Amino acid sequence: MTYFESIILGLTQGLAEFLPISSSGHLALLQQWFGIEEDKVLLFAVLLHVGTLISVFIVYWRDIWELIVELFLTIKDIFTGKGLRLKERPVRKLGVMIIVATIPTGIIGILFNDFFDSLYTSVIPIGIGLIITGFLLIFAEKIGSSNRGIQQMNYRNAIFVGIVQGVAICPGISRSGSTLFGSLMCNLDRKFAVKFVFLISIPSILGSAIMEAPAAIEAGLDMSQLGPILAGMAVAAISGLIAIKTMIKIVSDKKLSYFSYYVWILGLIVVVYGILQNIGLI
């Protein structure tokens, strides 16, 4: 893998992880285009996840710090018999909702991991996933405004968003786009919905990296690839930061339809290419 390839992949990972266009789908397409074998870039894939995590921590470091502090306060309240006190502690309730949303995502990811992997054997499922993402974004944009924040959010909302995030493991379906769709379907405030989407991405991205880590460690590291790997990781972090800031503004301005047109066009091209490839015309 060259520096050029690693930088392009890092840029794609950072932008597509947080913009609603599917990082998994784009990376799979680029790897095929560059002729990169997946088993040779396992460590690179893990470090790209780390790079995107860094961008989330930079943007939401205050919220993350508050959640960490609140975790210890929660443990103290439980041991002193005060209970969870979710109605009195909004940050604590946010932490609980993140955990609740992560549970169905994790269950889906573990139970259907082999199925999701099988979808990468052809580009057609990726194209279909991109087209589905386009419709989700259109629906999300049409949903009206609401002032429901963390105080009004309930367990059903968190579970629904978590299930949608689990389904987004399918190649071509955007995690950020689908979870935003799920959050807005629950009638959550747009500004809060965006924050919730990015905060629940932390355990999701971290979990994905942990699942890939054993195979990456077993595959080992070619020291000649260390430079390109670190370059790609840095680019993923920087582009992820830009993507998060952009996404916050896009959702507020209700301009998700721009991304719908993009993923529809790309998805249609990918499906047609896959069909022609399968019948031997390419």
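In this text the structure is predicted, and so the values were computed from the model without any measurement.

(A) Spotlight on the overall build of the protein. For the protein, the count of helices and strands is 13 helices and zero strands. What you see in the protein, going N to C, is helices and strands ordered as α-α-α-α-α-α-α-α-α-α-α-α-α. The C-alpha radius of gyration of the protein comes to 19 Å, within 12% of the 19 Å expected for a compact globule of 282 residues. Summarising the internal contacts of the protein: among those between residues at least 6 apart in sequence, 82% fall at separations of at least 24.

(B) Structural view of the side chain of Thr105. By the secondary structure assignment, Thr105 is in helix α5 (residues 90-111). Non-local contacts of Thr105, meaning those with residues more than four positions away in its chain, are made with Gly162, Gln165, Gly166 and Ile169.

(C) Inspection of the pattern of salt bridges at higher detail. Summed over the entire model, instances satisfying the criterion amount to seven salt bridges. When the shortest N-O distance is used, the salt bridge between Asp77 and Arg85 registers 2.8 Å. Judged by its relative accessible area of 5%, Asp77 falls in the buried class. For Arg85, a relative accessible area of 26% gives the class partly exposed. Each of Glu70, Asp77, Arg85, Glu88, Arg89 and Arg92 takes part in one network of salt bridges that share partners.

(D) Spotlight on the environment of Gly232. In this structure, Gly232 sits in helix α12 (residues 226-253). As a C-alpha pair, Gly232 and Thr12 span 220 residues in sequence and 9.7 Å in three-dimensional space.

(E) Quick peek at the side chain of Ser201. Within the element layout of this structure, Ser201 appears in helix α11 (residues 201-219). For Ser201, a relative accessible area of 0% corresponds to the buried category. Among all residues touching Ser201, those that are not within four sequence positions of it are Phe18, Val56, Gln165, Arg175 and Leu206.

(F) Spotlight on the packing of helix α10 (residues 190-199) against α12. It is the contact of α10 with α12, at a shortest axis distance of 9 Å, that shows an interaxial angle of 150 degrees. Relative to α12, the element α10 lies roughly antiparallel. For the pair α10 and α12, the crossing hand works out as right-handed. Of α12, the residues touching α10 (which contributes Arg190, Val194 and Phe198) are Ile244, Met247, Ile248 and Val251. Its residues placed into classes, the contact of α10 with α12 shows six nonpolar, no polar and one charged.

(G) Main features of the packing of aromatic side chains. Scanning the model with the defined rule gives seven aromatic pairs in all. For the pair Phe115 and Phe116, a centre-to-centre distance of 5.8 Å together with 55 degrees between the ring planes defines the contact as tilted. With a relative accessible area of 44%, Phe115 lands in the partly exposed category. Judged by its relative accessible area of 5%, Phe116 is buried. Among the aromatic residues, ring-to-ring pairing joins Phe18, Tyr60 and Phe198 into one connected group.

(H) Region of the structure containing the packing of helix α1 (residues 3-18) against α12. Contact pair α1 / α12: the axes reach a minimum separation of 7 Å and the direction vectors enclose 25 degrees. Overall, the two elements α1 and α12 adopt an arrangement that is roughly parallel. Considering only the axes of α1 and α12, their crossing is right-handed. Two secondary-structure elements touch here, α1 through Tyr3, Ser6, Ile7, Gly10, Leu11, Gln13, Gly14, Leu15 and Phe18 and α12 through Gly227, Pro228, Ala231, Gly232, Val235, Ala236, Ser239, Gly240, Ala243, Ile244 and Met247. Among the residues making up the contact of α1 with α12, the classes are represented as twelve nonpolar, eight polar and no charged.

The rules behind these values
- Residues numbered from 1 in each chain as written.
- Predicted model: local features only at pLDDT ≥ 70, side-chain atom pairs only at ≥ 80, totals over all residues.
- Heavy atoms only, no water.
- Helix = DSSP H or I, 4+ residues; strand = E, 2+ residues; numbered from the N terminus.
- Rg over C-alpha atoms; globule rule 2.2 N^0.38 Å.
- Contact = heavy atoms within 4.5 Å.
- Salt bridge = Lys/Arg side-chain N within 4 Å of Asp/Glu carboxyl O.
- Buried < 20%, exposed > 50% of the residue type's maximum accessible area, 1.4 Å probe, protein only.
- Axes fitted to C-alpha atoms, helices over the stretch in contact; angles between N-to-C directions.
- Parallel < 35°, antiparallel > 145°, perpendicular 65-115°, else oblique.
- Left-handed = near helix turned anticlockwise from the far one by under 90°.
- Nonpolar A, V, L, I, M, F, W, Y, C, P; charged D, E, K, R; others polar.
- Phe/Tyr/Trp six-rings, centres within 6.5 Å; stacked < 30°, edge-to-face > 60°.

The quantities given are spatial measurements derived from coordinates; they are silent on function.
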